[in-house]
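Here are the chains, one letter per residue:
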Amino acid sequence: MIPRELRLPPEHLYPSDEWAIRETGFSRRWMGNAETIFALSNGFLGVRGTFEEGRPGIEPGTFCNGFHETWPIVHAEEAYGFARTGQTIVNVPDATLLKLYVDDEPLYLPTARLRTYERSLDFRRGVLTRDLEWASPGGKHVRVVSHRLVSLEHRHLGAITYEVEVDRDAPVVISSQLLNRQDSRADDEPRGGNNGDPRRSRGFFDRVLNARQHHVEAHRIVTGYRTSHSRMTLGVGVDHIIETDNPWRATTTWGEDLSKVVFTVDARAGAPIRITKFFTYHTSRAVPARELVDRSRRSLDRALRDGYGALEVGQQRALEDFWHRADVVVDGPRRIQQAIRWNIYQLLQSSARAETTGIPAKGLTGQAYEGHYFWDTEIYVAPFLTYTEPRVTRNLLRFRHSMLDLARDRARELSEDGALFPWRTINGEEASSYYAAGTAQYHIDADIAYAIKRYVDVRGDLGLLTEVGAEILVETARLWAGLGFFSPDDGAFHIHGVTGPDEYTTVVNDNAFTNLMARANLRYAAEVTTWMRDHETEAYRHLVHETGLEDDEILTWARAADTMFVPFDQERRIHPQDANFLEKEVWDFPGTPHANYPLLLHYHPLVIYRHQVIKQADVVLAMVLLGNEFSMSQKRRNFDYYDPLTTGDSSLSACVQSILAAEIGYEEKALEYFQYAVLMDLADVAGNVVDGVHVASTGGVWMALTYGFGGLRDYDGQLTFDPRLPRAWQRLSFALRFRRRRLEVELSHERMVFTIVEGKPLTFRVRDQQVTAEVGSPVVIESSANTSAPDAVTAFLDEDERRAADVSGGFGPLTDWVSRELDEPSG
């Protein structure tokens, strides 16, 4: 992986704190980053970390998951089956604005004389707090304290408290605004834009939000909108409570793009002014705007009745439960705990209330990638959710099922049977205009099937299969059966014309990742349908009725899986990324300026495609997800070959490389890649944190901690541990939910402790030992019990493998060779 610059802000501005991100001074340089780092979300509603005063702002934004506008994708040269409908998440009206004027002078942070300043996001309270003292141009000392939250308990609700106190009498004006940024620009100015970076959101020249109804009452404003093309509807409302002993008055005005409640206060010295602003958002694909206005009014009624304090209590209660389930503790280098918890907190913010939607690539922290849902959810985020909050995983898989009819239509459009899920989408239609790196990534089908299997294996919830899972498995298996073919030359099942995870190598034959994942998809579909036929007859009859499933299809899936071609190069003893990958010229890495990364912004795709150069882990990812398909020596040889070719131009790569490096004993590489992953946003590793959080990478951080250093594996529902605790860390602990048990894992260099704190006894493997833990009887294994590989295995290790074993960390050498034949190809 190409070394990356870590753009860490100075510690005096962002000091270490295990439970918060703190900013102790205003800095315009770091402001764009901070808008992302301090963003708040609950999975449905998200607001970026801009200032209440509105200015300055780099990328201000408020987003509702799934609320989007559509637009026609215009291709310079048309072809049958190209994606037609673009979808972009809408930057909805901003309710966070509270502009402050003292002596008619605005508080403008870049030029304000700030005597004190601190802003913090507390991970245990879920509240963004700012406390500053401003020496105004008129000589007043003005203290301003704000608290902001997006409720985890109430999906549609957020709130701000804004308190102002002056040291001498002064006129104070607080203008609370509701601003439609999306449409409040000049007619010839694009509303957004990607500046040539395909990862960013496109802009709109046409109006997006059209007011259909509004309601104004006292300090309350509610507006109902409808989008111009997707015809989705939005209800947004604000209401206020003012608490002060000072004389005051208020005026309320409504506008389609700008509404205001302006509080004018004759402030006396030492008499605080406290305004509480509640805001609510509701969206729909079907109901009219007037109904969403009514819903918004009810949400505001409840908020005013219960008060801001109740929201904070509910927020803290939700977070206590979350950290009880999801915290990961590392006793290691300074500041690492802060970075880990920030990443895990982002997983909560992106998923907690994503109940009828997917999870956008940026969560709700930015408009990049158009707010689309990718495979990121199933492969990078779902593992964390499955082990900590399986309810959310189930909702996400049900959401995928809701797109099944459109996926069937897409498969037919591409002359295939079954269903082909869109590579990127919001509404279920394919939105990738570049098919080579979009639609050609057929592995999305297998990724969804993989997430279903993992959920069922870990949760033990067979009901998901009979409800929605089996139908998805049938249609995705049909897709593979039709897409591939049995070769008359070698009798193997081949899949041609696809793109794997590496988007720098497109439309290839027999991509190893795709073939391996398709094989797993086909096998699982055959297993599940056979089980349902034999044991869930009523559900099976329903499945047959819905899908037209025939017994011969199941036999074909099994045969295709059994004969699936998996590339293997006998000379290099590695798995080629695809059938022709090794024939290409290796990219000139020494001759490529560091400024030319990511390559996608500096080279034509054809230049990239004709070389051995990798955007993100491909074969390496297959070895993480399907590690039981590879021997340990295969993993090491594959990693050694592909690691130098991997640019890391995708944020999805570093975490995967860390996991495999840890498994094969490359401790320094594992820690290096983990550092890139855990600091992906906090140190702006990819150089685009201003566009939003890399949510998949945050999921990968959790995977690197538990799967990589914790050695967790769950192949076929069998829980195993083979830890790789780095020598620089003294302790690693985490908790898992597994089949209605709660298992706590604590690892140190002296011992491994596994404790069941809820549920029945659990039997699992720790390296080569089968153990059983139960409540009140933890399993304790001294590290000295596993300090060397078994003699029968050691005899087969070459010198490189011995060195790998020697640096595997505090838990001794690798022991997964026991049941493997080292040099046999897995295909």
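Heads up: the structure comes first, above all this text.
Below or above, wherever it landed, is the structure these notes cover. Computed from a prediction, not measured in an experiment: that's the story for all the values here.

**So, the overall build of the protein chain**
- Summing up its helical and strand segments, the protein chain has 20 helices and 32 strands in all.
- Against the compact-globule benchmark of 28 Å for 827 residues, the protein chain has a radius of gyration of 28 Å, which places it among compact chains.
- Buried residues in the protein chain amount to 63% of all 827 residues.
- About 29,800 Å² of surface is accessible on the protein chain, with carbon and sulfur atoms providing 47% of the total.
- If the 92 positive side-chain charges of the protein chain are averaged to one point and the 119 negative ones to another, these points end up 5 Å apart.

**Quick word on the sheet that holds strand β7 (residues 94-102)**
- Strand order in the open sheet made by the 5 strands is β8-β7-β13-β18-β17, with antiparallel pairing throughout. The open sheet terminates on both sides in strands that have one partner only, identified here as β8 (105-106) and β17 (248-253).
- Taken together, the 6 bridges between β17 and strand β18 (residues 258-267) define a ladder with antiparallel strand orientation. What sits directly across from threonine 252, in β18, is valine 261.

**Topic: the nonpolar core**
- Counting residues in each nonpolar core, the largest one holds 236 residues, and the members touching the most others are Leu100, Trp375, Phe674, Phe721 and Phe754.
- Leaving out residues up to four positions away in the same chain, tryptophan 375 has contacts with Tyr380, Arg400, Trp423, His443, Ile444, Asp447, Pro501, Phe513, Gln616, Leu621 and Leu652.
- Ala159, Val222, Val293 and Ala303 belong to the second largest nonpolar core, which has 11 residues in total.

**Some details on the sheet that holds strand β32 (residues 779-782)**
- Taken together, the 5 strands give an open sheet; going across it, the order is β20-β27-β28-β29-β32, and neighbouring strands pair in antiparallel fashion. Either end of the sheet is taken by a strand with one partner, and the two such strands are β20 (328-331) and β32. The average undirected angle you get between the axes of adjacent strands in this sheet is 15 degrees.
- With 8 bridges connecting them, strand β27 (residues 731-738) and strand β28 (residues 741-748) associate as antiparallel partners.

**Quick word on the pairing of strand β19 (residues 273-284)**
- Taking burial as the measure, the 12 residues of β19 include 11 buried ones, the bulk of the element.
- Across 8 bridges, the pairing between strand β12 (residues 157-166) and β19 is antiparallel. Residue pairing across strands places glutamate 163 opposite arginine 274, the latter belonging to β19.
- As paired strands, strand β16 (residues 233-244) and β19 are joined by 12 bridges and run antiparallel to one another. Paired with glycine 237 across the two strands is threonine 280, which belongs to β19.

**A word on unusual backbone geometry**
- Following arginine 55, the chain continues into proline 56 via a peptide bond in cis, with omega recorded as -5 degrees.
- Tracing the sequence through the fold places proline 56 in the loop between β3 (45-47) and β4 (62-64).
- The residue after tyrosine 597, namely proline 598, is reached through a cis peptide bond having omega 0 degrees.
- For proline 598, the position within the fold is in the loop between β23 (585-586) and α13 (605-609).
- For arginine 739, which is not glycine, the phi torsion reads 50 degrees and is therefore positive.
- Following the sequence through the fold, arginine 739 ends up in the loop between β27 and β28.

**Focus on the packing of helix α3 (residues 308-326) against helix α4 (residues 336-351)**
- Here α3 crosses α4 at 115 degrees, and the two axes come no closer than 12 Å. For the crossing formed where α3 meets α4, the hand is right-handed. Only Arg341, Ile344, Tyr345 and Leu348 of α4 make contact with α3, whose side of the interface consists of Leu319, Phe322, Trp323 and Ala326.
- Each residue belonging to the contact of α3 with α4 can be placed in one class, and the counts come to 7 nonpolar, no polar and 1 charged.

**What about helix α2 (residues 289-306)?**
- Taking 1.5 Å per residue, 18 residues should reach 26 Å; α2 reaches 26 Å between its end C-alpha atoms and fits that length.
- Tucked into the core, α2 has its buried residues touching β12, β14 (209-217), β15 (220-227), β16 and β19.
- One or two steps after α2, the chain reaches glycine 307, where phi turns positive at roughly 85 degrees.

What counts and how
- Residues numbered from 1 in each chain as written.
- Predicted model: local features only at pLDDT ≥ 70, side-chain atom pairs only at ≥ 80, totals over all residues.
- Heavy atoms only, no water.
- Helix = DSSP H or I, 4+ residues; strand = E, 2+ residues; numbered from the N terminus.
- Rg over C-alpha atoms; globule rule 2.2 N^0.38 Å.
- Buried < 20%, exposed > 50% of the residue type's maximum accessible area, 1.4 Å probe, protein only.
- Areas by Shrake-Rupley, 256 points an atom, 1.4 Å probe, with all protein chains shown as cover.
- Lys, Arg positive; Asp, Glu negative; His and termini not counted.
- Charge placed at Lys NZ, Arg CZ, Asp CG, Glu CD.
- Pairing = 2+ DSSP bridges.
- Core = buried A, V, L, I, M, F, W, Y, C linked by side-chain atoms within 4.5 Å.
- Contact = heavy atoms within 4.5 Å.
- Axes fitted to C-alpha atoms, helices over the stretch in contact; angles between N-to-C directions.
- Left-handed = near helix turned anticlockwise from the far one by under 90°.
- Nonpolar A, V, L, I, M, F, W, Y, C, P; charged D, E, K, R; others polar.
- Expected span 1.5 Å × (residues − 1).

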